Amino acid sequence: MSYPQSSHGELHLYPLPALESNYIWAIVNDRTRQAAIIDPGDADIVQAWLMQQPTLELAAIIITHHHHDHTDGLAELIARFPALAVYGPTDVEGVTQPLHDGDTFTVLDQPAAVLATPAHTIDHLCYLITPQEKSAKPILLTGDTLFMAGCGRLFEGTAEQMLRNMERFAALSPDTAVYAGHEYTLNNLAFALAVEPDNAAIQEAKARASAARAEGRATLPSTIGQERRTNPFMRTHKATVIQAACRHTGRPASDDPVHVLAALRHWKDTF
Ligand SMILES: [Zn+2]
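As the structure is a computational prediction, the values presented were derived from the model and not from experiment.

> What am I meant to see in the sheet that holds strand E8 (residues 104-107) here?
Strand pairing in a sheet is mediated by backbone hydrogen bonds. Such pairs are either parallel or antiparallel. Read from one edge to the other, the open sheet built from 6 strands follows the order E8-E9-E10-E11-E14-E15, with strand pairing classed as mixed. Since the sheet does not close on itself, it has two edges, and those belong to E8 and strand E15 (222-223), each with one partner. Relative to strand E14 (residues 177-180), strand E11 (residues 139-143) runs parallel, the two sharing 4 bridges. Each bridged residue has a counterpart across the sheet, and for Leu140 the counterpart in E14 is Val178. Along the sheet, helix H4 (residues 159-170) contacts strand E9 (110-116), strand E10 (125-129) and E11; its crossing angle with E9, the most-contacted strand, is approximately 150°.

Structure, rendered in structure tokens:
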């Protein structure tokens, strides 16, 4: 078995690169030898990975939102593993355990909680897995809502909704590990530096991410603590970010965080 990207007690996480920039995350419980797959956009990639781990049982699939690059492999995997538990939003075909904000469930023997995060899409769900071992850090699966140093595009929802999502994430424990659905980190950090050129935490994150990509490794996971220091969409209350957003729009200064986030998102859409 290949080495995991990261470990949380008995849970080990593996990024399976898919399509242009997606990560299908595989989570393995090393004790029970069960696996869960997050957002299988490509069934072949998941099946090829499972073939390399013949002692693993695929026990669950978790879906964050309805976009094809996160769900296209679902039907094929369900056909191959009919007993699978499929957790996800109510509108995704194949979901056996439809979930809503505040729901809790058990996956790979560990407790998980659902955060509804409408904005990128209206159905978007994020998942917080809190390993039972006290020393293990929590795992946040953020799909296309929170990326390292960025957030998802507003395809269906509003800046106000995305701001509320960012505020909920920021309130989580700073050591919570963030596993996102895409490798967008270097582009996001370039934008974060355009917003806050003097932010040393962003400069350090960029150096680390560049080194990881040069070695062909994923830049993820991030942490909530790092996002609070580097992610402009989580820093809409900071004077430097407010000033940069106002300079970009050319409008008089507004410190309303909804306006700041909307301006940043608009700016990033053409960055
Ligand atoms: Zn998406």
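> Sorry if this is basic, but what is going on with unusual backbone geometry here?
Trans is the prevailing form of peptide bonds, just as negative phi is the prevailing case for residues other than glycine. Look at the link from Leu220 to Pro221: it is a cis peptide, with omega at 5°. Here Pro221 is to be found in the loop between helix H6 (200-214) and E15.

> Which parts of the structure should I look at to understand the UniProt feature "binding site: Zn(2+) 2" (unreviewed entry) in the protein chain?
UniProt's entry tags Asp69, His70, Asp144 and His182 with the feature "binding site: Zn(2+) 2" (unreviewed entry), counted in the numbering of this structure. For the residues just named, distributed over 114 residues, the greatest C-alpha separation is only 10.6 Å, placing them together at one site. Topologically, His70 is positioned in helix H2 (residues 68-71). Overall, the relative accessible area of 1% leaves His70 in the buried class. Those residues in contact with His70 that sit more than four places away from it in its chain are Asn22, Asp39, Pro40, Gly41, Ile63, Thr64, His65, Asp144, Gly181 and His182. A distance of 3.0 Å separates the side chain of Asp144 from the side chain of His70, its partner in a polar contact.

> Sorry, what's going on with the coordination of the zinc ion here?
Around the zinc ion, the protein supplies His65 (NE2), His67 (ND1), His120 (NE2) and Asp144 (OD) as donor atoms, at distances of 2.1 to 2.3 Å. Between the 4 donor atoms coordinating the zinc ion, the angles at the centre fall across 92 to 167°, so the site counts as irregular. In terms of primary sequence, the donors binding the zinc ion are separated according to H-x1-H-x52-H-x23-D. Of this pair, His120 sits in the loop between E9 and E10 while Asp144 sits in the loop between E11 and strand E12 (146-147), and the two are 24 residues apart along the sequence. Grouping residues by exposure puts His120 and Asp144 together as buried.

> Which parts of the structure should I look at to understand the pairing of E10?
Consecutive side chains of a regular strand alternate in pointing toward one face of the sheet and then the other. Counting buried positions along E10 yields 5 of 5 residues, so the element is predominantly enclosed. What you see with E10 is no split at all: Leu125, Tyr127 and Ile129 on one side and Cys126 and Leu128 on the other are buried throughout. Both E9 and E10 contribute to a ladder of 5 bridges, which runs antiparallel. For Ala113, the partnering residue across the bridge sits in E10 and is Leu128. Pairing geometry for E10 and E11, over 3 bridges, is antiparallel. In the sheet register, Tyr127 faces E11, and the bridge partner there is Leu141.

Cut-offs and rules
Here, residues in each chain are numbered from 1, in the same order as that chain's written sequence. Local features in a predicted model are, by the rule used here, given only for residues with pLDDT of at least 70; side-chain atom pairs are given and counted only at 80 or more, and totals for whole chains, interfaces and linings are based on all residues. Side-chain numbers here rest on the full set of heavy atoms in the structure, without hydrogens or water. A strand pair is defined by DSSP finding two or more bridges across the two strands. Elements are defined by DSSP. Helices are runs of H or I of four residues or more, strands are runs of E of two residues or more, and each kind is numbered from the N terminus. Throughout, a contact is declared for two residues whenever any of their heavy atoms are within 4.5 Å. The axes are straight lines fitted to the C-alpha atoms, using for helices just the contacting stretch, and the angles between their N-to-C directions are given from 0 to 180°. UniProt positions are given in the numbering used here, feature names are shortened, and annotations may be inferred rather than shown by experiment. Note on classification: 1.4 Å probe, protein chains only; a residue is buried when its accessible area is under 20% of the maximum for its type, exposed when over 50%, partly exposed between these limits. Each polar contact in these results corresponds to two N or O atoms within 3.5 Å; when the atoms are within protein, one needs to be able to donate a hydrogen and the other to accept it, and residues that are neighboring in sequence are counted only if both atoms are side-chain atoms. Water is not among the atoms examined, so metal sites may look incomplete; donors are the N, O and S atoms within 2.8 Å of the metal, or within 3.2 Å for Na, K and Ca. Between 85 and 135 degrees for all angles marks four donors as tetrahedral; over 155 degrees for opposite donors together with 65 to 115 for all other angles marks four donors as square planar and six as octahedral; every other arrangement is irregular.

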